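What follows is the residue order along each chain.
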Amino acid sequence: MFAVGEPFIYMLGLGYGLGRLVPELGGMSYMMFVASGTLAFSIVNGATFEGMYSAFARMQIQRTWDAILNAPMSLSDVVLAEWTFAASKSVLSCVTFVGALVLLGISREWTLLLVVPAALLIGAVFAAIALIMCAIAKGYEFFSYWFSLGIMPLAMISGVFFPMSELPKALQTVSYCLPMSHAVDLVRPLLQGKISANVGLNIAVLAAYAIGGFGVAMALFRRRFAN
Amino acid sequence: MSSVLRFSDVRKSFGKGDAKREVVRGLSLAVEGGQCFGFLGPNGAGKTTSLRMALGQTEPDSGLIELLGYTMPADARRAREKVGVVPQMDNLDPDFTVEENLIVYSRYFGMSDSVAKSKVPALLEFAGLSGREKSNIAELSGGMKRRLTIARALVNDPAFIVLDEPTTGLDPQARHLIWDRLKALRAKGKTLLLTTHFMDEAERLCDHLAVIDNGVLIAQGSPRELIEKTIEPDVVEVYGDNVAALKDRVSAFATRVEVSGETLFAYTTTPKPLTDVLAQFQGVRVLHRPANLEDVFIKLTGRELRD
């Protein structure tokens, strides 16, 4: 519930509070801007929590993975299952968040339905990254680094709370190479009944990060379990 | 029936360069069908690594491992369909009830929920957990968790069951109940492989024992054979403040004498003269007993702590 709750509070606080001071941003109200940004953020969080804390609990604390590996199952079966499950948590975050947006009347566009497949893809990216963290973690403490030094700074440079055009040019380039800006870019127009102008690029970049990230996570788990 | 599990000159090292450590160093052994096979050794002897290799979870550097006729780890998946594992550390799923633990675990063997569900009553009865279907794992005692873990290892009706220290941490009542269940499994014709640090447990349950140390097999045979061929039949234990001082006086009457802390162990084939001599000493207590598997284990692997 943290995965949705925290971004939702950001949205309410910033949207209603800061929204009064900020005029339109890129052709939309600040509320709409921050709602779409924090929706993407909650999708990122859903998979990140599950792939780090919950997967680590099953692997290291409860030893559920060991139990499964004693059955006719392989490590790749288990990691694949964790990956898809964590990605599905992003869908759950997105459905909850979108439901709230509809109830509050912030957006009621039919394109909101397309957030679901987008959430699955974005979830796959951040689930894979979370599993990389899980594969190298010695304890839970490690995960707060990825949140504080990874996810939060990424949110700052990816247009979640303010437009990327406000960033120095170099930082914008960096951000375009990273997955969260494409997640925001893909989700934002869907709240206004539109499709991202860069939809093909967004999907390609996210898919590349998802597949590459999963490959790296798998290799790291294999190394961890070889000893 | 041929061997259920066979190791032929198996080797395994961990680490690289200077940190490289050979944990299993040319291990060969065979577990015959229908046996309860005890796999003994001090901590760090290579037992866990060997078990992991037997189940295809760790790849040997060299040598051949066959489990139920399958080459490991290449055919691990097919072999594990017919194997049950009771791990050393309880790893029941705390998010599920007793019944759900069995059903969910059955899915990993490709069983449908309806088939799995139909097996639950018999499994719980075997584990002495009938009526506990809806209990949460946190409500179970240590002994109940172990029994449920054993029941979980039986969902696929395995021919071969591996138990890694199944009674560690349990009270005597719970241990006796586990022993009783293991004997019942053996009576059904299952092959059991058991690791334990309790020598009375190994002596009581196992038909055949293999003792490994430093990654090699150092002795094997039935508990009786091992005691007879390894050690003197009588042991006299002497307790007292300064038993070390008695060592020289006692040596003439015993084959071997060892002092460990405030206890002196004298091993002999003719106990009478020894106990007569000891009767003259004041301030010591004497216990005369037949040699047991623990004496064998200590003789084979030494008295020093391993970790």
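This one's a predicted model, so the numbers in the text were calculated from it and none came from an experiment.

Caption draft 1: Structural view of the packing of helix H3 (residues 98–107) of chain B against helix H4 (residues 113–126) of chain B. Residue and element names in this part refer to chain B. Across the interface, H3 lies against H4 with an axial gap of 9 Å and an inter-helix angle of 135 degrees. With respect to their mutual orientation, H3 and H4 come out oblique. Regarding H3 and H4, the two cross each other, and that crossing is right-handed. Facing Glu 99, Leu 102, Ile 103 and Ser 106 of H3, the residues of H4 in contact are Asp 113, Ala 116, Lys 117, Val 120 and Leu 123. Of the residues that constitute the contact of H3 with H4, the class distribution is five nonpolar, one polar and three charged.

Caption draft 2: The nonpolar core, seen in detail. Ranked by size, the top nonpolar core spans 151 residues in total, and within it Ile122(A), Ala127(A), Ala128(A), Ala130(A), Leu131(A), Cys134(A) and Ala183(A) carry the most contacts. Counting contributing residues per domain, this core is built from domain 1 (3–221) and domain 2 (232–290) of chain B, each supplying no fewer than three. If we skip the residues at most four places from it in the chain, Leu131(A) touches Gly51(A), Ala55(A), Val79(A), Glu82(A), Trp83(A) and Ala217(A).

Caption draft 3: Expanded view of the confidence of the model for chain B. With 99% of its residues at a pLDDT of 70 or more, chain B shows a mean pLDDT of 91. Model confidence for the complex is summarised by a pTM of 0.89, with the ipTM given as 0.88.

Caption draft 4: Representation of the environment of Asp157(B) in the model. Residue and element names in this part refer to chain B. Take Asp 157: it is sitting in the loop between helix H5 (142–153) and strand E7 (160–164). On the neighbour-count criterion, Asp 157 (12 C-beta atoms within 10 Å) is exposed. A C-alpha to C-alpha distance of 58 Å links Asp 157 and Val 277, two positions 120 residues apart in sequence.

Caption draft 5: Broad picture of the domain arrangement of chain B. Splitting chain B by domain gives domain 1 (3–221) and domain 2 (232–290). Averaged C-alpha coordinates put domain 1 of chain B and domain 2 of chain B at centres separated by 40 Å.

Caption draft 6: Molecular detail of unusual backbone geometry. All names here are of chain B. Here Met 72 and Pro 73 are connected by a cis peptide whose omega angle stands at 0 degrees. Residue position: Pro 73 is located in the loop between strand E5 (70–72) and helix H2 (76–80). The backbone of Asn 214 sits at a positive phi, close to 50 degrees, despite the residue not being glycine. Inspection of the secondary structure puts Asn 214 in the loop between strand E9 (208–213) and strand E10 (216–221).

Caption draft 7: Region of the structure containing the interface of chain A and chain B. With 13 residues of chain A in contact, the opposing surface of chain B contributes 15 residues. Its residues assigned to classes, the side of chain A that touches chain B comprises six nonpolar, five polar and two charged.

Caption draft 8: Fine view of the packing of helix H5 (residues 115–136) of chain A against helix H9 (residues 199–225) of chain A. Residue and element names in this part refer to chain A. Across the interface, H5 lies against H9 with an axial gap of 8 Å and an inter-helix angle of 25 degrees. Regarding the angle of H5 to H9, the classification is roughly parallel. Considering the relative orientation of H5 and H9, their crossing is left-handed. For the pair H5 and H9, the contacting residues are Leu 121, Ile 122, Ala 124, Val 125, Ala 128, Ile 129, Leu 131, Ile 132, Ala 135 and Ile 136 in the first and Ile 203, Leu 206, Ala 207, Tyr 209, Ala 210, Gly 213, Phe 214, Val 216, Ala 217, Leu 220, Phe 221 and Arg 224 in the second. Residues belonging to the contact of H5 with H9 are distributed by class as follows: 20 nonpolar, one polar and one charged.

Caption draft 9: Inspection of the sheet that holds strand E2 (residues 21–32) of chain B at higher detail. Residues and elements named next belong to chain B. The strand order E2-E1-E4-E5 describes an open sheet built from four strands, whose pairing is antiparallel. Among the strands making up the open sheet, the edge pair consists of E2 and E5. Taking each pair of neighbouring strands and ignoring which way they run, the sheet shows an average axis angle of 25 degrees. Where strand E1 (residues 3–14) meets strand E4 (residues 62–67), five bridges bridge the pair, whose relative direction is antiparallel. By the bridge assignment for E4, Phe 7 is matched with Ile 65.

Caption draft 10: Here's a closer look at the pairing of E7(B). Residue and element names in this part refer to chain B. Counting buried residues along E7, four of its five residues qualify, which places the element largely inside the surrounding structure. As judged from the four bridges shared by strand E6 (residues 83–86) and E7, these two strands associate in the parallel manner. Each residue of the ladder has a partner; that of Gly 84, found in E7, is Ile 161. In this sheet, strand E8 (residues 191–195) lies alongside E7 in parallel orientation, the contact comprising five bridges. Looking at E8, one finds that Leu 163 is bridged to Leu 194.

Caption draft 11: Layout of H4(B). Residues and elements named next belong to chain B. Along its 14 residues, H4 runs 20 Å from first to last C-alpha, staying within 8% of the 20 Å computed at 1.5 Å per residue. By the largest-angle criterion, Val 120 marks the main kink of H4, which is about 35 degrees, and a proline, Pro 121, follows within four residues. Taken residue by residue, H4 has Val 120, Leu 123 and Leu 124 as its buried positions. Residues of H4 that are buried in the fold lie against H3 and H5.

What counts, and where the lines are drawn
Residues numbered from 1 in each chain as written. Chains lettered and ligands numbered in written order. Predicted model: local features only at pLDDT ≥ 70, side-chain atom pairs only at ≥ 80, totals over all residues. Axes fitted to C-alpha atoms, helices over the stretch in contact; angles between N-to-C directions. Helix = DSSP H or I, 4+ residues; strand = E, 2+ residues; numbered from the N terminus. Parallel < 35°, antiparallel > 145°, perpendicular 65-115°, else oblique. Left-handed = near helix turned anticlockwise from the far one by under 90°. Contact = placed C-beta atoms within 7 Å. Nonpolar A, V, L, I, M, F, W, Y, C, P; charged D, E, K, R; others polar. Core = buried A, V, L, I, M, F, W, Y, C linked by C-beta atoms within 7 Å. Buried ≥ 20, exposed ≤ 12 C-beta atoms within 10 Å, placed from the backbone. Domains from an automatic or database assignment. pLDDT = per-residue confidence, 0-100. Pairing = 2+ DSSP bridges. Expected span 1.5 Å × (residues − 1). Bend = angle between axes of the 7 residues up to and from the residue.

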